[in-house]
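Architecture and fold: a report
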Amino acid sequence: SWDVGFSRSALYEPSEKTRFGLRYRSEISHSLSGDLTVTGSTPVSTSFTMPMSLTFSPYHEISETVALMASTASSPSPSTAPSMKSAMGSGLKAA
């Protein structure tokens, strides 16, 4: 199925070694239909909604070769209570 959504993002860089990113992705609804063939042909269909999401990502360069990064995303759960998923890491920068 086809649907239209959008994404918006912003980047704030208070210093050469530190930056913060923020991204919003809109909700997108899909409806799928087709035929399921096991021993015969049975029409099937389903629909689902990919919820909106908001992602915040800080970055800080500790040295010329090491940087710390993190990312946290929030989107509404089916019960409309916020759910959070986070990831943190460090990285070695390419020379």
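Residue positions are given per chain, counted from 1 along the sequence in the order it is written. Given that this is a predicted model, residues contribute local features only at a pLDDT of at least 70 and side-chain atom pairs are listed and counted only at 80 or more, while totals for whole chains, interfaces and linings are drawn from all residues. Calculation of side-chain values draws on the structure's entire complement of heavy atoms; hydrogens and water are dropped beforehand.

1. What to know about the overall build of the protein chain
The test is simple: Strands are runs of DSSP state E lasting at least 2 residues, helices are runs of H or I lasting at least 4, and numbering of each runs from the N terminus. Buried means the residue's accessible area, taken with a 1.4 Å probe over protein chains only, is under 20% of the maximum for its type, while exposed means over 50%, and partly exposed covers the values in between. We call two residues in contact when some of their heavy atoms are within 4.5 Å. Accessible surface area values rest on a Shrake-Rupley calculation with a 1.4 Å probe, where residue burial reflects the displayed protein chains alone.
Within the protein chain, the regular secondary structure consists of zero helices and seven strands. Listed N to C, the secondary structure of the protein chain is β-β-β-β-β-β-β in terms of helices and strands. Burial status across the protein chain gives 12% buried among its 95 residues. Nonlocal contacts in the protein chain, meaning residues at least 24 apart in sequence, comprise 34% of its contacts between residues at least 6 apart. Taken as a whole, the protein chain presents about 7400 Å² of accessible surface, with 60% of it coming from carbon and sulfur.

2. Some details on the confidence of the model for the protein chain
For clarity, the cut-off: Values of pLDDT, which run from 0 to 100, indicate the predictor's confidence residue by residue.
For the protein chain, the average pLDDT comes to 80, and 79% of its residues sit at 70 or higher. The element-level mean pLDDT for the protein chain is lowest in strand S7 (residues 82–92), coming to 48, with strand S1 (residues 7–15) highest at 96. Segment residues 80–88: pLDDT under 50, and 19 contacts once partners within four positions in sequence are set aside and those in other chains are kept.

3. Some details on the packing of aromatic side chains
In plain terms, the rule: Geometry of aromatic contacts follows a simple scheme: Phe, Tyr and Trp rings, the Trp one being its six-membered ring, pair when their centres are within 6.5 Å, and the pair is stacked under 30 degrees between planes, edge-to-face over 60, tilted otherwise. Cation placement over rings: the criterion is NZ of Lys or CZ of Arg within 6 Å of the ring centroid and within 35° of the ring normal.
Across all of its chains, the model carries two aromatic pairs by this definition. Ring centres 5.6 Å apart and planes at 45° place the aromatic pair phenylalanine 6 and tyrosine 24 in the tilted group. Taken together, the residues span a long stretch of sequence, with phenylalanine 6 in the segment before S1 and tyrosine 24 in strand S2 (residues 18–25) at a distance of 18 residues. Their ring planes at 10° and their centres at 6.0 Å tell us that phenylalanine 20 and phenylalanine 56 sit as a pair that is stacked. Of this pair, phenylalanine 20 sits in strand S2 while phenylalanine 56 sits in strand S5 (residues 53–61); the two residues are 36 residues apart in sequence, bridging distant segments of the chain. The exposure class assigned to phenylalanine 20 is partly exposed, which follows from its relative accessible area of 30%. Note on phenylalanine 56: relative accessible area 37%, which makes it partly exposed. Geometry around tyrosine 59 places arginine 19 over its ring, the cationic atom sitting 4.0 Å from the centre.

4. Quick notes on the pairing of strand S6 (residues 66–76)
Our working definition: A pair of strands counts as paired when DSSP detects no fewer than two bridges linking them.
The pairing of S5 with S6 spans six bridges and is classified as antiparallel. In the strand pairing of S6, phenylalanine 56 is matched with threonine 72.

5. A short note on a nonpolar patch on the surface
Selection rule: In this scheme, patches are assembled from residues that exceed 30% relative accessible area and form no salt bridge. Like charges are connected within 9 Å, while nonpolar side chains (Val, Leu, Ile, Met, Phe, Trp, Tyr) are connected within 5 Å. We define a salt bridge as a side-chain nitrogen of Lys or Arg found within 4 Å of a carboxyl oxygen belonging to Asp or Glu.
Among the surface-exposed residues, Tyr12, Phe20, Leu22, Leu54 and Phe56 lie close enough to one another that they form a single nonpolar patch of about 460 Å² accessible area. Elements represented by at least two residues in the nonpolar patch include exactly S2 and S5. Residue position: leucine 22 is located in strand S2. Take leucine 22: its relative accessible area is 42%, and that puts it in the partly exposed class.

6. What about the pairing of strand S4 (residues 41–50)?
Pairing of strand S3 (residues 28–37) with S4 involves ten bridges; the strand directions are antiparallel. Across the sheet, aspartate 35 pairs through a bridge with proline 43, a residue of S4. Taking the residues that link successive antiparallel strands as the turn, the S3-S4 hairpin has three residues.

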